[in-house]
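Commentary on secondary and tertiary structure
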Amino acid sequence: MVEVKSLVMAIISFFLQGEVPLVSTDTVFFVDVESKTITIEQHNLSTIKGQEEAAIVGLELAIKQTSLDDSLQRLTLVSKDVFTVGNKLNATIKLSYNSIKDITSLGFNLNTDGTYAYYKNNTIELLADNGVEEEHQFNFKADQNIKFKVMPILHKDIKLISLTTAWAKAQQKMNENE
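Note that the structure is a prediction, hence the values are computed from the model and not measured. (Residues numbered from 1 in each chain as written. Predicted model: local features only at pLDDT ≥ 70, side-chain atom pairs only at ≥ 80, totals over all residues. Heavy atoms only, no water.)

**Some remarks on helix α2 (residues 52-64)**
Stated formally: Starting at the N terminus, helices and strands are each numbered in turn, a helix being any DSSP run of H or I of at least four residues and a strand any DSSP run of E of at least two. By definition here, a helix of n residues has an expected span of 1.5 Å times n minus one. The buried label goes to any residue with under 20% of its type's maximum accessible area, the exposed label to any with over 50%, and the partly exposed label to all in between, with areas taken from a 1.4 Å probe on protein chains only. The reported arc concerns the directions from the helix axis to the C-beta atoms and nothing else.
With 13 residues, α2 extends 18 Å between its outermost C-alpha atoms, agreeing within 8% with the 18 Å of an ideal straight helix rising 1.5 Å per residue. Within α2, burial applies to Ala55, Ile56, Gly58, Leu59 and Ala62. Mapping the buried residues of α2 onto a view down its axis gives an arc of 165 degrees, with all of them on the same face. Exposed positions of α2 whose direction lies more than 90 degrees from the buried face are Glu53 and Lys64.

See the structure below:
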């Protein structure tokens, strides 16, 4: 099963190919089957010390992009936003789809019984009653909302720093140049 294009880097990976040193401490993934939308919320965008400039450049490029990566052609971009809450830089991307089958491009597999499966690992926490945990996957009913949180696995020696200050400085500089 193909995993979502690294949900911990979703705002970048939905638009750009290549490596950008950006992670979030957690990402909430929500599929609303009634409105046919997918909302991905990334909390506390961070990077490795010394990589702030590359992370900000990548984030700025992603915000300017209006088209999704080719592998996501069945999805439509509705909105995206980068914002600060408290002292944490967050990002949200909202996508729409026409058929629940379209979410397979995000790493879901359609089961023969009409449910959807998502590869289970120890970084995923279910946030909705719809998910049923099985040995190697979570199964979701196709007519019910899907919600879960993904937390990155980081090497214990990696020390992340928040991008809040670097983002604020980059935005201020951009505003001064306009």
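**Topic: the packing of aromatic side chains**
Note the cut-off: Only the six-membered ring of Trp is used, alongside the rings of Phe and Tyr, when aromatic pairs are assigned; centres must lie within 6.5 Å, and planes under 30 degrees apart are stacked while those over 60 apart are edge-to-face, with the rest tilted. When the NZ atom of lysine or the CZ atom of arginine is within 6 Å of a ring's centre and also within 35 degrees of its normal, the charge is said to sit over that ring.
All told, the structure shown has 7 aromatic pairs when counted by the stated rule. With centroids separated by 5.7 Å and ring planes inclined at 35 degrees, the aromatic side chains of Phe29 and Phe108 adopt a geometry described as tilted. One end of the pair, Phe29, is in strand β1 (residues 23-32); the other, Phe108, is in the loop between β4 (88-96) and β5 (109-110), and 79 residues separate them in sequence. This pair shows no difference in class: Phe29 is buried, exactly as Phe108 is. Ring pairs connect the aromatic residues Phe29, Phe108, Tyr118, Phe140 and Phe148, which therefore count as one cluster. Its end group placed over the ring of Phe30, Lys147 keeps NZ or CZ at 5.6 Å from the ring centre.

**Regarding the sheet that holds strand β9 (residues 137-140)**
The condition that has to hold: Two strands are counted as paired when DSSP detects at least two bridges linking them.
Overall, antiparallel pairing links the 4 strands, which are arranged β5-β6-β9-β8 in an open sheet. Each edge of the open sheet is held by one strand with a lone partner, namely β5 and β8 (132-133). The pairing of strand β6 (residues 116-119) with β9 spans 4 bridges and is antiparallel. Within β9, the residue paired with Tyr119 across the bridge is Gln137.

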